[in-house]
Amino acid sequence: MSKTILVTGGTRGIGKAVALKLAGTFPGSRLFLTHAGPRVEAVDGVLEEIRALGADAEASRWAVQDSAAGEAAIKDILDKTGRLDILVNNAGITRDGLSLRMTEEDFRAVLDVNLWGVFSLSRLAARHMLKERRGRIINVSSVVAFTGNPGQANYAASKAGIIGLTKTMALEFAPRGVTVNAVAPGFVETDMTGKLNDGLRERFLAKIPLGRFGSPADVARAVAFLASDEASYLTGVTIHVNGGLHLA
Ligand code: NAD
């Protein structure tokens, strides 16, 4: 069945894979992708790939931490399609540094995008979903929410915050049939992780029980499951898409 779907940061990396997978899973859907960068050509390429799957897609550039922009984007989606079935809060940033050296600005910036952005957009989307008594919110957390990671106090705190937020909104929205779940990817090969040097990559690989890095498609499959009818009795859960890294 066709859906109206909003994927933040949906133009590259994990978000792009999620958008493509959802377009394939729900034929005839309308996808709204957001991004924060100026990479117009790459964005056009994603939209063409989605349209080739028989879905409609458009992209817009705004920052998820800007609630006024989020409100305008949701209004635009509702004006155009009259519905919003699935929100995937995927956009996220890192600004790594050891705790003693991390600046206040870097700490706050990561919390602003990764946690406030998810909270703000989720409740804006929920206003409509609760009225309709249906909807799926899927948040992209990270394995480091569960394990911690040296140099990522800001990022790990934001991603752990997403887990508490997911459980709380799951409880608040369950009476109206809206589910809120999370995925916790491990090391996924994207632009975000491409910046790491070879030594660090090898050290991460050695820790992953299943012995390989994840792909954006691995994460996208879990998100598509949570968005599907098969997952209608799941809320407040986290799917660990990290090769067992959360156990290591
Ligand atoms: P990426 O950097 O490749 O893509 C991020 C996307 O988010 C881009 O489209 C970017 O434009 C958008 N974005 C960034 N800041 C934004 C903002 N303020 N407002 C709106 N959009 C913004 O990242 P990725 O590796 O694909 O990661 C996607 C998500 O998965 C993130 O939340 C990340 O924390 C999480 N994650 C990634 C990994 C990994 O190994 N790559 C592991 C665990 C979790």
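Only a predicted model underlies this, so the values are computations on that prediction, with no experimental measurement involved. (Residues numbered from 1 in each chain as written. Predicted model: local features only at pLDDT ≥ 70, side-chain atom pairs only at ≥ 80, totals over all residues. Heavy atoms only, no water.)

A. Expanded view of helix 6 (residues 153-173). In a regular helix each residue adds 1.5 Å, so 21 residues correspond to 30 Å; helix 6 covers 30 Å between its end C-alpha atoms and thus fits that length. Burial in helix 6 covers these residues: Asn 154, Tyr 155, Ala 156, Ser 158, Lys 159, Ile 162, Ile 163, Leu 165, Thr 166, Met 169, Ala 170 and Phe 173. (Helix = DSSP H or I, 4+ residues; strand = E, 2+ residues; numbered from the N terminus. Expected span 1.5 Å × (residues − 1). Buried < 20%, exposed > 50% of the residue type's maximum accessible area, 1.4 Å probe, protein only.)

B. Focus on the pattern of salt bridges. Within this structure, the stated rule accounts for 15 salt bridges. Residue Asp 56 is joined to Arg 30 by a salt bridge in which the shortest nitrogen-to-oxygen separation is 3.3 Å. One end of the pair, Asp 56, is in strand 3 (residues 56-61); the other, Arg 30, is in strand 2 (residues 30-35), and 26 residues separate them in sequence. Ionic contacts of the salt-bridge type, sharing partners, join the residues Arg 83, Asp 85, Glu 132 and Arg 134 into one network. (Salt bridge = Lys/Arg side-chain N within 4 Å of Asp/Glu carboxyl O.)

C. Structural context of the sheet that holds strand 6 (residues 178-185). Taken in spatial order, the seven strands of this open sheet run 3-2-1-4-5-6-7, and their pairing is parallel. One side of each edge strand has no neighbouring strand; the edge strands of this open sheet are strand 3 and strand 7 (238-241). Taking each pair of neighbouring strands and ignoring which way they run, the sheet shows an average axis angle of 15°. The sheet strands contacting helix 1 (residues 13-25) are strand 1 (4-7), strand 2, strand 4 (86-89) and strand 6, and the helix crosses strand 1 at an angle near 170°. The strands that helix 4 (residues 104-132) touches are strand 1, strand 4, strand 5 (135-140) and strand 6; relative to strand 4, the one it contacts most, it runs at about 175°. (Pairing = 2+ DSSP bridges. Axes fitted to C-alpha atoms, helices over the stretch in contact; angles between N-to-C directions. Contact = heavy atoms within 4.5 Å.)

D. Quick look at the site of the ligand. Around the ligand sit 30 residues in total, of which Arg 12, Asn 90, Tyr 155, Val 188 and Thr 190 are the nearest. With respect to the ligand, the side chain of Arg 12 contributes an N or O atom lying 2.7 Å from an oxygen atom. At 2.5 Å from an oxygen atom of the ligand is found a side-chain nitrogen or oxygen belonging to Thr 190. In isolation the ligand exposes 830 Å². Once the protein is present, 94% of that is buried. Split by residue class, the shell around the ligand holds 14 nonpolar, 13 polar and three charged. (Near = heavy atom within 4 Å. Polar contact = N/O pair within 3.5 Å; in protein donor to acceptor, adjacent residues only side chain to side chain. Areas by Shrake-Rupley, 256 points an atom, 1.4 Å probe, with all protein chains shown as cover. Nonpolar A, V, L, I, M, F, W, Y, C, P; charged D, E, K, R; others polar.)

E. Representation of the environment of Ile 93 within the structure. On the secondary structure map, Ile 93 appears in the loop between strand 4 and helix 4. By relative accessible area, which is 27% here, Ile 93 ends up partly exposed. Along the primary structure Ile 93 and Leu 247 are separated by 154 residues, whereas in three dimensions their C-alpha atoms are 24 Å apart.

F. Spotlight on the packing of aromatic side chains. In the structure shown here, the tally under the stated rule is three aromatic pairs. Centroid distance Trp 116 to Phe 119: 5.8 Å. Interplanar angle 45°. Geometry classified as tilted. With Trp 116 and Phe 119 both in helix 4 and three residues apart, the pair spans about one turn of that helix. What makes Phe 119 partly exposed here is its relative accessible area of 28%. By way of ring pairs, the aromatic residues Phe 187, Phe 204 and Phe 213 are connected into one cluster. (Phe/Tyr/Trp six-rings, centres within 6.5 Å; stacked < 30°, edge-to-face > 60°.)

G. Representation of the packing of helix 3 (residues 67-81) against helix 4 within the structure. Contact pair helix 3 / helix 4: the axes reach a minimum separation of 10 Å and the direction vectors enclose 35°. The two elements helix 3 and helix 4 cross, and the hand of that crossing is right-handed. Contacts from Ser 67, Gly 70, Glu 71, Ile 74 and Leu 78 in helix 3 reach Trp 116, Ser 120, Leu 121, Leu 124, Ala 125, Arg 127 and His 128 in helix 4. Classifying every residue of the contact of helix 3 with helix 4 gives six nonpolar, four polar and two charged. (Left-handed = near helix turned anticlockwise from the far one by under 90°.)

H. Representation of the nonpolar core in the model. Ranked by internal contacts, the top residues of the largest apolar core, which has 32 residues, are Leu 22, Leu 31 and Ile 50. Mapped by element, the contributors of at least two residues to this core are strand 1, helix 1, strand 2, helix 2 (40-52), strand 4, strand 5 and helix 9 (216-227). Ignoring anything within four residues of it in the chain, the contact list for Leu 22 reads Ile 5, Val 7, Ile 86, Val 88, Ala 224 and Ala 227. Counting residues in each nonpolar core, the second largest holds 29 residues, with Leu 84, Leu 115, Ala 170 and Phe 173 among its members. (Core = buried A, V, L, I, M, F, W, Y, C linked by side-chain atoms within 4.5 Å.)

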